[in-house]
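Coordinate inspection notes
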Amino acid sequence: MSPATSAIAAYSSSSYSPSTLSPLSCSSSPTWAKAKSKSQLLPVAHLTSTRRSLLRFPSFSFNSDKPSLMIPSAISIEKETPETHRPSTFLRESDDVLTALSSSSSSVRARFEKMIRDAQDTVCEAIEAVDGGSHFKEDVWSRPGGGGGISRVLQDGAVWEKAGVNVSVVYGVMPPEAYRAAKASADNQMKPGPVPFFAAGISSVLHPKNPFAPTLHFNYRYFETDAPKDSPGAPRQWWFGGGTDLTPAYIFEEDVKHFHLAQKSACDKFDPTFYARFKKWCDDYFYIKHRGERRGLGGIFFDDLNDYDQEMLLSFATECANSVVPAYIPIIQKRKDMPFTDQHKAWQQLRRGRYVEFNLVYDRGTTFGLKTGGRIESILVSLPLTARWEYDHQPEEGSEEWKLLDACINPREWI
């Protein structure tokens, strides 16, 4: 894995949002606790943030296997402008022209943007079809210097409490300090200027109403840095990231197996080692440290991926995005109308509380967006409409609730 791939977690929209450029990887495994859990009575606050054109990087580690290198730096991204219609592309005109003339990285940018916009349409159509009447609210935005996004949210539907599917294309400039730290072979005496970057991605979080129907999150993104402006000979860097993960309140073994088999099928088409590697990465990333448990039952997660052919990774990301609907919608169709009790709903709300805790405390995309004045509605689109915290809540050992918690604390191999 190239050191440059962990260089920057730039502008963010939501949990692994389409504007989350590259959350850092968690390659070191935490120590797992036994299956016990305690809840805390906490209010859910409404969060606000001002938008700024000059954003600040938080401090972060470039390599989780070595002592942390902390770099507070600045990043410049233009403020977004609301649009009344969807443009055919959010790419800069220069990228569009280069795409027509070559098969270089500009073509990868264009094809990745097309992929995420097609995936957004496909997922939204499937969500609306299952709901049977509700429709997504759509916001389109752009930036004067290029880039923009489409945010779609459906809430208070027949099936969905809240469903968000966002895409974005982002241009910006990252600081020279981050470039030097990211590039292991860089000459320490070199003092490059700001490093232009490009990022595009799709992100979605789907929260059903029925406690027997699981929440789904997925995100796929592509990132590039150009050569520093006063160091034109420096190489361009690029990488892919993303994943799809399942967060149920109750375990139905056949559902979880179906979901993981779909992830494995997508992975196996490209590399037989991908599924096991990216499943563990997913289990490690979605770890709520203060609880000693994971957010859900995992799936796949990868980041900073550039040690394979670029065309292969573009096809892999496309395959993963295309597998979302067949991996998830059949589960929803089976569970959305199941009868449930107030106890079942209360447990779902407690697990939604865990979802909120992870996203606001640990998720790098969400926390960075909140700290830097990103688009607040997109940043918080991942959060459920409702959640619950109870003081010292512990499910009865052997109960269905306890089985879910045990699986979140002690990750299982589902296939």
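A brief structural summary. All values reported here derive from a predicted model rather than from experimental measurement. Sequence positions are assigned chain by chain, starting from 1 and proceeding in written order. Only residues with pLDDT of at least 70 get local features here, since the model is predicted, and only at 80 or more are side-chain atom pairs given and counted; chain-wide, interface and lining totals rely on the full set of residues. To get the side-chain values, all heavy atoms of the structure are used, and hydrogens and water are removed first.

Within the protein, the secondary structure is distributed over eleven helices and twelve strands. Of all 415 residues assigned to the protein, the portion counted as buried reaches 59%. Contacts between residues were defined by any pair of non-hydrogen atoms, one from each residue, lying within 4.5 Å. In the protein, once contacts between residues fewer than 6 apart in sequence are set aside, the share between residues at least 24 apart is 75%. Of the roughly 17000 Å² of accessible surface on the protein, a fraction of 53% belongs to carbon and sulfur atoms. Helical segments are the DSSP runs of H or I of at least four residues, strand segments are the runs of E of at least two, and each set is numbered from the N terminus. The cut-offs for exposure are 20% and 50% of the maximum accessible area for each residue type, with area from a 1.4 Å probe on protein chains only; residues under the lower value are buried, those over the upper are exposed, and the others partly exposed. Residue exposure ignores everything except the shown protein chains as possible cover, and the areas themselves are Shrake-Rupley values with a 1.4 Å probe.

So, about the nonpolar core. Residue types Ala, Val, Leu, Ile, Met, Phe, Trp, Tyr and Cys, when buried and joined through side-chain atoms within 4.5 Å, form a set referred to as a nonpolar core. In this structure, F112, I127, W160, F240 and F278 are the most contacted members of the largest nonpolar core, which totals 66 residues. Not counting residues within four places of it along the chain, the set of residues in contact with W160 comprises I127, V130, D131, L154, Q155, L206, H207, P208, K209, Y328 and I332. Residues F212, I251, L297 and W347 belong to the second largest nonpolar core, which totals 13 residues.

Here we take up empty space enclosed by the protein. A cavity here means a set of 1 Å grid points, computed over protein atoms only, where a 1.4 Å probe fits but cannot escape. A pocket is an open set with protein on both sides within 12 Å along at least 5 of 7 lines, and lining residues have an atom within 4 Å of a point. Grid points are joined across faces, edges and corners, and a volume is the space filled by probe spheres set on the points. Inspection of every chain in the model, using the stated rule, returns seven cavities of 30 Å³ or more. The computed volume of the largest cavity comes to approximately 90 Å³. Taken together, A213, P214, T215, T247, P248, A249, Q348, R351, R352 and Y355 form the lining of the largest cavity. Looking at the lining of the largest cavity, the element that brings in the most residues is helix 8 (residues 342-362), giving four residues. Charged residues are taken to be Asp, Glu, Lys and Arg, nonpolar residues to be Ala, Val, Leu, Ile, Met, Phe, Trp, Tyr, Cys and Pro, and polar residues to be all remaining types, Gly included. A per-class count over the lining of the largest cavity returns five nonpolar, three polar and two charged.

Ring geometry is summarised as follows: Phe, Tyr and Trp rings, the Trp one being its six-membered ring, pair when their centres sit within 6.5 Å, and such pairs are stacked at plane angles under 30 degrees, edge-to-face over 60 and tilted between the two. Enumeration according to the criterion identifies 27 aromatic pairs in this entry. With 5.9 Å between their ring centres and 40° between their planes, F112 and Y222 make a pair best called tilted. Here F112, found in helix 2 (residues 105-131), pairs with Y222, found in strand 8 (residues 215-225); they are 110 residues apart in sequence, far enough to count as distant. Here F112 matches Y222 in class, with each residue buried. A centroid spacing of 5.6 Å and a plane angle of 10° characterise the contact between F197 and F223, whose relative ring orientation is stacked. Taken together, the residues span a long stretch of sequence, with F197 in strand 7 (residues 195-208) and F223 in strand 8 at a distance of 26 residues. Overall, the relative accessible area of 0% leaves F223 in the buried class. Only when the NZ of Lys or the CZ of Arg is both within 6 Å of the ring centre and within 35 degrees of the ring normal is a charge said to sit over the ring. Above the plane of the ring of Y355 lies R295, whose end atom (NZ or CZ) is 4.0 Å from the centre. Directly above the ring of F252 sits R335, whose terminal nitrogen or CZ lies 3.8 Å from the centroid.

To get an axis, a line is fitted to the C-alpha atoms, and for a helix only the part in contact is used. The angle between two axes follows their N-to-C directions and goes from 0 to 180 degrees. For the pair helix 4 (residues 253-268) and helix 7 (residues 324-335), interaxial distance at closest approach is 8 Å and the crossing angle is 165°. In terms of axis orientation, helix 4 runs roughly antiparallel to helix 7. Note on packing geometry: the crossing formed by helix 4 with helix 7 is right-handed. Here helix 4 contributes E254, D255, H258, F259, A262 and Q263 to the contact with helix 7, which in turn contributes P326, A327, P330, I331, K334 and R335. The cut-offs work like this: below 35 degrees is roughly parallel, past 145 is roughly antiparallel, 65 to 115 is roughly perpendicular, and the gaps in between are oblique. Whether a crossing is left-handed or right-handed is set by the direction in which the near helix is turned from the far one by less than a right angle, anticlockwise for left-handed and clockwise for right-handed.

So, on to the state of the cysteines. Criterion for a disulfide: a pair of cysteine sulfur atoms at a distance within 2.5 Å. Enumeration according to the criterion identifies zero disulfides in this entry. The thiol sulfur of C320 is not disulfide-bonded, and the nearest other cysteine sulfur, from C267, lies at 5.4 Å. Given a relative accessible area of 1%, C320 falls into the buried group.

With that settled, the discussion passes to the environment of G149. Along the chain, G149 turns up in strand 5 (residues 148-155). It is 9.7 Å that separates the C-alpha atoms of G149 and R117, two residues lying 32 residues apart in sequence. Apart from residues no more than four positions distant in its own chain, G149 is found in contact with F90, D139, V140, W141, V167 and S168.

Of all eleven residues in strand 9 (residues 237-247), eleven are buried; the element is thus mostly enclosed. Residues Q237, W239, G241, G243, D245 and T247 point to one face of strand 9 and W238, F240, G242, T244 and L246 to the other, with burial holding for every one of them. Note: two strands are recorded as paired if DSSP finds a minimum of 2 bridges between them. As defined by bridge partners, strand 8 adjoins strand 9 across eleven bridges and the pair is classed as antiparallel. Of the residues in strand 9, the one forming a bridge with T215 is T247. In the sheet, strand 9 pairs with strand 12 (residues 299-305) via five bridges, with the strands oriented antiparallel. Bridging across to strand 12, G243 finds its partner in F301.

Take helix 6 (residues 310-322) next. Each helix should span, by expectation, one fewer than its residue count multiplied by 1.5 Å. Taking 1.5 Å of rise per residue, 13 residues should cover 18 Å, and helix 6 covers 18 Å from first to last C-alpha, within 8% of that figure. All buried positions along helix 6 are accounted for by Q310, M312, L313, L314, F316, A317, C320 and A321. Throughout this description, a polar contact denotes any pair of N or O atoms lying within 3.5 Å of each other; where both atoms belong to protein, one of them has to be capable of donating a hydrogen while the other can accept it, and for residues adjacent in sequence the pair is counted only when both atoms sit in side chains. N-cap assignment for helix 6: the residue whose side-chain oxygen lies 3.0 Å from the backbone N of E311 is D309.

The residue K279 is located in helix 5 (residues 274-285) in this model. Accessibility expressed as a relative area gives 2% for K279, which makes it buried. Engagement of the side chain of K279 in a polar contact is seen with the backbone oxygen of R412, the distance being 3.0 Å. When near neighbours in sequence (up to four residues on either side) are disregarded, K279 contacts H260, F274, G299, I300, R412, E413 and W414.

Spanning 16 residues, helix 4 covers 22 Å between terminal C-alpha atoms, matching the ideal 22 Å at 1.5 Å per step. Looking at helix 4, one finds that the buried residues are D255, V256, F259, H260, A262, Q263, A266 and C267. One face of helix 4 carries all of its buried residues, which in axial projection span an arc of 145°. Packing partners of the buried residues in helix 4 comprise strand 8, strand 9, helix 5, strand 12, helix 6 and helix 7. The directions from the helix axis to the C-beta atoms form the arc being described.

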